[in-house]
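Report on the structure
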Amino acid sequence: MPVASNITHIWELLAAAARRSGRGPAEISLMAVTKTQTPERIREAYDAGLRIFGENRVQEFDGKIEALRDLPGAEWRMIGHLQGNKAAKAVELFSAVDSVDSLRLAQKLNASAGALGKKLEVLIEINVGGETAKSGVASGSDELENILRAVPELEHLKFRGLMTVPPFTEDPQLTRPYFRKMRELRDQIAARGLPGVGMQVLSMGMSHDFEVAIEEGSTCVRVGTAIFGERHT
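Source: prediction; values computed, not measured.

We now examine the pattern of salt bridges. All chains considered together, the criterion is met by 22 salt bridges. With a shortest N-O distance of 2.7 Å, Glu-215 and Arg-20 are connected by a salt bridge. Residue Glu-215 is located in helix 8 (residues 210-215), and its partner Arg-20 is located in helix 1 (residues 3-20); the two are separated by 195 residues in the primary sequence. A salt bridge links Arg-77 to Glu-75; the shortest N-O distance between them is 2.3 Å. On the basis of relative accessible area, Arg-77 is assigned to the buried category, the value being 5%. For Glu-75, a relative accessible area of 26% corresponds to the partly exposed category. Counted as one network, the salt bridges with shared partners bring together Arg-20, Arg-176, Arg-180, Arg-183, Glu-211, Glu-215 and Glu-216.

All right, on to the packing of helix 6 (residues 142-150) against helix 7 (residues 176-192) then. Packing of helix 6 against helix 7 leaves a shortest axis separation of 13 Å and a crossing angle of 40°. Here helix 6 runs over helix 7; the crossing is right-handed. Seen from helix 6, the contacting residues are Leu-144, Glu-145, Leu-148 and Arg-149; seen from helix 7, they are Leu-185, Ile-189 and Arg-192. Residue classes in the contact of helix 6 with helix 7 are distributed as 4 nonpolar, no polar and 3 charged.

Definitions and limits used
- Each chain has its residues counted from 1, following the order in which its sequence is written.
- Since the coordinates come from a predicted model, pLDDT governs what is reported: local features require at least 70, and pairs of side-chain atoms require 80 or more to be given and counted, while whole-chain, interface and lining totals use all residues.
- Side-chain measures here rest on the full set of heavy atoms in the structure, leaving out hydrogens and waters.
- What counts as a salt bridge is simple: a side-chain nitrogen of Lys or Arg found within 4 Å of a carboxyl oxygen of Asp or Glu.
- Put simply, DSSP H or I for four residues or longer makes a helix, DSSP E for two residues or longer makes a strand, and each gets a number counted from the N terminus.
- Three exposure classes are used, based on accessible area relative to the maximum for each residue type with a 1.4 Å probe and protein chains only: buried under 20%, partly exposed in between, and exposed over 50%.
- Axis geometry follows a simple rule: fit a line to the C-alpha atoms, using only the stretch in contact for helices, then measure angles between N-to-C directions, giving values from 0 to 180 degrees.
- Handedness of a crossing is defined here by the sense of rotation of the near helix relative to the far one, left-handed for an anticlockwise turn of less than a right angle and right-handed for a clockwise turn.
- In what follows, a contact means two residues having at least one pair of non-hydrogen atoms within 4.5 Å.
- Charged means Asp, Glu, Lys or Arg here, nonpolar means Ala, Val, Leu, Ile, Met, Phe, Trp, Tyr, Cys or Pro, and polar covers whatever is left, Gly included.

Right, dumping it as structure tokens:
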């Protein structure tokens, strides 16, 4: 199916899931995950009404940005694991980094944003399943606490919430406990009222499980395959 038709269908599913969670569709953001997609395909999603785009690799997006600079209102977010040595380039290219997984990375992003006179939005990535092959901080870890406590010193970053990628399962219902745990963690952090720590955003849910994620409190779903089809690279 064409990208526009896919997006229309996803909005319908998103709206129904939002209603089941007692919210309106406008409370949920739909991000198009554009890893490996060409600028032409990204434009199709833009023309269909999407404005939030997530990229996984700094170098790949650096090769696309010149062909996409003329899209007014487009928001480019880094959602993949970010190495510290690419922090400066990421700050230059993106309006947000949704995958902060260490205090050291946050400090590098803060320094780079300061050098550019920029306020960078960030999310803290949580490794909700404790998987060794995945990035993200553990929900009860000292590293998470260190990041939260350091926020007042990171004046060039705007902390807006949490992001996660749960363990993959063919049955989306099996991801529900992980999404619920994330919502509870978000609520616990928000209740502490820590200086500078915003918890408005809970980014979770992808093509195969975004409806369950919304039911459990997601405010942003990251959809690639369901929009563009299976990736071939």
